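Fold and contact review
Here's the letter readout for the chains.
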Amino acid sequence: MMKRITIITILCVLIVALSGCTTPSPTPANPTATPAAQAGYPLTFTDFFGKTTTIDKQPERIVSLSAANTEMLFALGLGSKIVGTDDYSDYPAEARNITHVSGYSGVSYEKIMAINPDVIFVEDIVGEEAVTSLRDKGYKVVEVKNNNMTMIVENIELMGRVTNTESNATALVNDINARMDNISAKTAGLNESQKPAVLLLAGYLSGQPIYVYGANTYGDDMIKLDGGINAAGNITEYKVMSTEAIIAADPDYIIIPVDDVMTTQSDFDNFRNGNESWMQGLSAVKNGNVIQVDGNVMMHPGPRMPDAAMVIARAIHPELFS
């Protein structure tokens, strides 16, 4: 139980979006890491946190220390160059077979030393102590933050620049934007009275604090894009929302990602059925609008964000998304 609670806390500083009721749309046709003619090395770049780094050559050995970054790198056609990942990198399936160098117990510097990467992509959830230690050991580190859709797109573009796959990054970003635009085109005409209040949980474990997607998160971005109002919009980023606050907000829909870690099937069923007394008066519970989505997609912000957004859209506006 403690392990699962700790993962919730980690997730509250990061991650990603849903799709349980539909088959995920494919990302742009199997890109390969073809060097862009305009790219040149040595290459100096600045990451999200303002750290400037210079790499001498196009990276051939890449480490990713977050599941979201791993999925982005694969979508850029770099899967064959990834030599190390974290324990949670499980998409696409090939990622599961790559050497794990980080996880619940922390970063394994010995394993990283053994695989000798040219560049390491980390997310802020890894922790500043680990990031500083990697830099002090001489590794080229790119640190990103995947809080919202703008950051996600900028990180894909930065990864493309660092790895000399800028054309693939451009194609991937264009695909994500086009699919999001297809959704917003159907919801743009809704007035405020037609927008339901939606509460998107980062996970639910019975009896434990409930973390939600507040303002300035990709969950908030998706709810608005899908023609909803974020019931946790007065909360910033990923934080705890009390049961009293949830009762007061009384959302029309409650969306819960199920992945057997952040939320088990039995935990979801407990919420859906209103098995705790505080839940029984919630409109979403009484009206059957507690919605299960695929936690794997929700927790990996990146190329599958349009799939996640579509799931929410179909749940809250079935009249627009049949």
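Computed from a predicted structure; not experimentally measured. (Residues numbered from 1 in each chain as written. Predicted model: local features only at pLDDT ≥ 70, side-chain atom pairs only at ≥ 80, totals over all residues. Heavy atoms only, no water.)

A count of helices and strands for the chain gives 12 helices and 14 strands. By residue count, 55% of the 322 residues in the chain fall in the buried class. For the chain, long-range pairs separated by at least 24 residues make up 67% of all intrachain contacts whose partners lie at least 6 apart in sequence. (Helix = DSSP H or I, 4+ residues; strand = E, 2+ residues; numbered from the N terminus. Buried < 20%, exposed > 50% of the residue type's maximum accessible area, 1.4 Å probe, protein only. Contact = heavy atoms within 4.5 Å.)

Ranked by internal contacts, the top residues of the largest apolar core, which has 56 residues, are Ile156, Tyr218 and Met222. Looking at which element gives the most residues to this core, the answer is helix α12 (residues 305-316), with eight residues. Each residue touching Ile156, except ones within four places of it in the same chain, is listed here: Met72, Leu76, Ala169, Leu172, Val173 and Ile176. Counting residues in hydrophobic clusters, the runner-up holds 22 residues, among them Phe268, Trp278, Leu282 and Ala284. (Core = buried A, V, L, I, M, F, W, Y, C linked by side-chain atoms within 4.5 Å.)

In terms of residue burial, strand β13 (residues 253-258) counts as a mostly covered element, since six of its six residues are buried. Where burial is concerned, the two faces of β13 agree: the one with Tyr253, Ile255 and Pro257 and the one with Ile254, Ile256 and Val258 are both buried. Sheet topology note: the strand β9 (residues 197-203)/β13 ladder contains three bridges and is parallel. Directly across from Val198, in β13, lies its bridge partner Tyr253. Sheet topology places β13 next to strand β14 (residues 290-294); five bridges connect them, and they run parallel. Directly across from Val258, in β14, lies its bridge partner Asp294. (Pairing = 2+ DSSP bridges.)

All right, on to the pairing of β9 then. Of all seven residues in β9, seven are buried; the element is thus mostly enclosed. In terms of strand pairing, β9 meets strand β11 (residues 229-230) through two bridges, oriented parallel. Of the residues in β11, the one forming a bridge with Val198 is Asn230. Sheet topology places β9 next to strand β10 (residues 211-213); two bridges connect them, and they run antiparallel. Following the sheet pairing, Gly203 is matched in β10 by Tyr211.

A word on the packing of aromatic side chains. Taken as a whole and judged by the stated rule, the model has six aromatic pairs. Here the aromatic rings of Tyr218 and Tyr238 are separated by 6.3 Å at their centres, their planes lie at 55 degrees, and the arrangement is tilted. Separated by 20 residues along the polypeptide, Tyr218 in helix α7 (residues 218-225) and Tyr238 in strand β12 (residues 238-240) bring together distant segments of the chain. With respect to burial, Tyr218 and Tyr238 carry one shared label: buried. Between Phe271 and Trp278, the ring centres sit 5.7 Å apart and the planes meet at 85 degrees, which makes this aromatic pair edge-to-face. (Phe/Tyr/Trp six-rings, centres within 6.5 Å; stacked < 30°, edge-to-face > 60°.)

So, about the pattern of salt bridges. Going through the model one piece at a time under the given rule, you end up with 10 salt bridges. The residue Arg179 makes a salt bridge to Asp175 at a minimum N-O spacing of 3.4 Å. On the criterion of helical spacing, the pair formed by Arg179 and Asp175 is a turn pair, its members being four residues apart in helix α6 (residues 166-187). In this structure, the salt-bridge partner of Arg272 is Asp269, at a minimum N-O distance of 2.9 Å. Residue Arg272 and its partner Asp269 are both found in helix α9 (residues 265-272); the two are separated by three residues, about one turn of the helix. (Salt bridge = Lys/Arg side-chain N within 4 Å of Asp/Glu carboxyl O.)

Attention shifts here to the sheet that holds strand β3 (residues 62-64). Taken in spatial order, the six strands of this open sheet run β6-β5-β4-β3-β7-β8, and their pairing is mixed. A single partner strand is all that each edge strand has here, and the edge strands are β6 (106-107) and β8 (141-144). The strands that helix α4 (residues 128-136) touches are β6, β7 (119-123) and β8; relative to β8, the one it contacts most, it runs at about 160 degrees. (Axes fitted to C-alpha atoms, helices over the stretch in contact; angles between N-to-C directions.)

The next subject is α4. Buried residues of α4: Ala130, Val131, Ser133 and Leu134, and no others. All buried residues of α4 lie within an arc of 160 degrees about the axis, which places them on one face of the element. Those residues of α4 that are exposed and aimed more than 90 degrees away from the buried face are Glu129 and Asp136. Looking at the buried side of α4, the elements it contacts are β6, α3 (109-115), β7 and β8. Of the residues trailing α4, Gly138 is marked for its positive phi of about 95 degrees. (Arc of directions from axis to C-beta.)

Turning our attention to unusual backbone geometry. Each neighbour pair has its own omega, and for Tyr41 with Pro42 the value is 5 degrees, a cis peptide bond. Take Pro42: it is sitting in the loop between α1 (2-11) and β1 (43-46). Following Tyr91, the chain continues into Pro92 via a peptide bond in cis, with omega recorded as -5 degrees. You will see that Asn164, though not glycine, has its phi angle at about 65 degrees, which is positive. Within the fold, Asn164 resides in the loop between α5 (149-162) and α6.

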